[in-house]
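Commentary on secondary and tertiary structure
One-letter residues, chain by chain:
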Amino acid sequence: MKTFLFLISTLGLSALGLAGATYAAAPAAHPIEVALTFDDLPVHGKLPPHMNRFDVMEKILTTLKKNDQHDVFGFINASTIAGISDREEALRLWAKEQRLANHTFSHPDLAGTTSTKYLADMLLNEPFLKKFSLPGQDWKWFRYPFLGEGDSLAKRNFVRKGLKDNGYRIAEVTTDFSDWSWNSPYSRCMAQGDSDGVAELKESYLHAAVSRLHYADQMSQLVFGRSIPQILLMHVGAFDAEMLDDMMAAYRAEGVTFVTLEQAASDPAYAQDPGFASADAETFLSQWMKVKKLPFPAVDKIPAGQLSKTCL
Ligand SMILES: [Zn+2]
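Residues numbered from 1 in each chain as written. Predicted model: local features only at pLDDT ≥ 70, side-chain atom pairs only at ≥ 80, totals over all residues.

When you go through the protein chain residue by residue, the secondary structure sums to 12 helices and eight strands. Whereas a compact globule of 312 residues would reach a radius of gyration of roughly 20 Å, the protein chain reaches 19 Å, a difference of no more than 12%. Projected onto its principal axes, the C-alpha positions of the protein chain cover 55 × 50 × 35 Å. Counting over 312 residues, the protein chain shows a buried share of 41%. Put simply, of all contacts in the protein chain between residues at least 6 apart along the chain, 84% involve residues at least 24 apart. (Helix = DSSP H or I, 4+ residues; strand = E, 2+ residues; numbered from the N terminus. Rg over C-alpha atoms; globule rule 2.2 N^0.38 Å. Buried ≥ 20, exposed ≤ 12 C-beta atoms within 10 Å, placed from the backbone. Contact = placed C-beta atoms within 7 Å.)

It is worth spelling out the confidence of the model for the protein chain at this point. The predicted coordinates ought not to be read in detail in places where the model reports low pLDDT. Within the protein chain, residue pLDDT values average 91, and 91% of them lie at 70 or more. Taken together, the stretch residues 1–28 has pLDDT below 50 and engages in 23 contacts with residues farther than four places along the chain or on a different chain. (pLDDT = per-residue confidence, 0-100.)

Moving on, we come to helix α11 (residues 284–291). Buried within α11 we find F284, L285, S286, Q287 and W288. Packed against the buried residues of α11 are α8 (195–224).

By size, the foremost hydrophobic cluster in this structure holds 76 residues, and its most contacted members are A35, I60, L91, W94, L100, Y186 and A209. Excluding residues within four positions of it along the chain, Y186 makes contact with P48, V198, L201, A238 and F239. (Core = buried A, V, L, I, M, F, W, Y, C linked by C-beta atoms within 7 Å.)

Of all 10 residues making up strand β1 (residues 32–41), nine are buried, and the element is well covered by its neighbours. Bridge count between β1 and strand β7 (residues 230–235): six bridges; the pairing is parallel. Its bridge partner lying in β7, F38 is registered against M234. Of the strand pairs in this sheet, β1 and strand β2 (residues 73–76) are connected by four bridges, and their pairing is parallel. Counted as the bridge partner of L41 is I76 from β2. Crossover β1 to β2 through helix α2 (residues 53–66) is right-handed. (Pairing = 2+ DSSP bridges. Right-handed = clockwise from strand over helix to strand, strands pointing away.)

This brings us to the pairing of β7. For β7, the tally of buried residues reaches six of six residues, placing the bulk of the element in the interior. Of the two faces of β7, both are covered, the one formed by Q230, L232 and M234 as well as the one formed by I231, L233 and H235. Across two bridges, the pairing between strand β6 (residues 175–176) and β7 is parallel. Looking at the pairing, D176 lines up with L233 of β7.

Now for the environment of V259. With respect to the helices and strands, V259 occurs in strand β8 (residues 256–259). By C-beta crowding, V259 is classed as buried, having 20 other C-beta atoms within 10 Å. The sequence separation of V259 and I231 amounts to 28 residues, and the corresponding C-alpha distance is 9.2 Å. Those residues in contact with V259 that sit more than four places away from it in its chain are E33, A35, P229 and A264.

Structure (structure tokens):
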């Protein structure tokens, strides 16, 4: 029965000829915990007309509050603040309601620089975390830009030691659906007033979010024999702000309960280092899959070609 329910959820009701039932009524496969996290504060992606960085942040924060989410981490790159007032205001607003943490000052890829320069760039971000966080807030969580944890084991281990010596915990990512790639087409569709284009984007965004979550959960089952709490990477983009509430509802319909990053990361699975070197973006789970030489489950591709053409 469990398998049958999972198939319904994965294939969609229409594929099984169960027309008439709604997407939201799809039975949950099994409970999955998810921690939401957001990268690239305060500037990420293209904006639609008449929207600034503060508006994006405010919209995300309003949805988080509506869904009773606390201690949601926003990982900052202070190089993008550049003294611009709506960006500073956006960070202040986030820190007032949620949490800030370190994503390096200028978003380097560890594969393209030295470990020493990388750690120096991470430390350069700290004065801004001190400035914008509320007193007593713990911002010593680190998110690797481009999900690059080191293209050699020597670099990987050097940076991990540097982070630990500076009191940081690593905010791993286990699930990611390239949410950032919907922001440019969304800004184009909004500029053209193309509501059909926006509707198409909404559908493909939710499909990618849900299918990638199941994909990550399948990897968790293969690697750990159970559903570990998932840590979802999102970005502070205009379309993310538009879609967050619907995405959380779609996740809940799939059996998701939301937890904080601190709760998710306290799972013993995260105490183990996969020890995998790669120049490519890798999630915590994809690293383990490769270390253990496990076959990756099937998953729909992110529709990059379609997104690049929408509202052109
Ligand atoms: Zn980033």
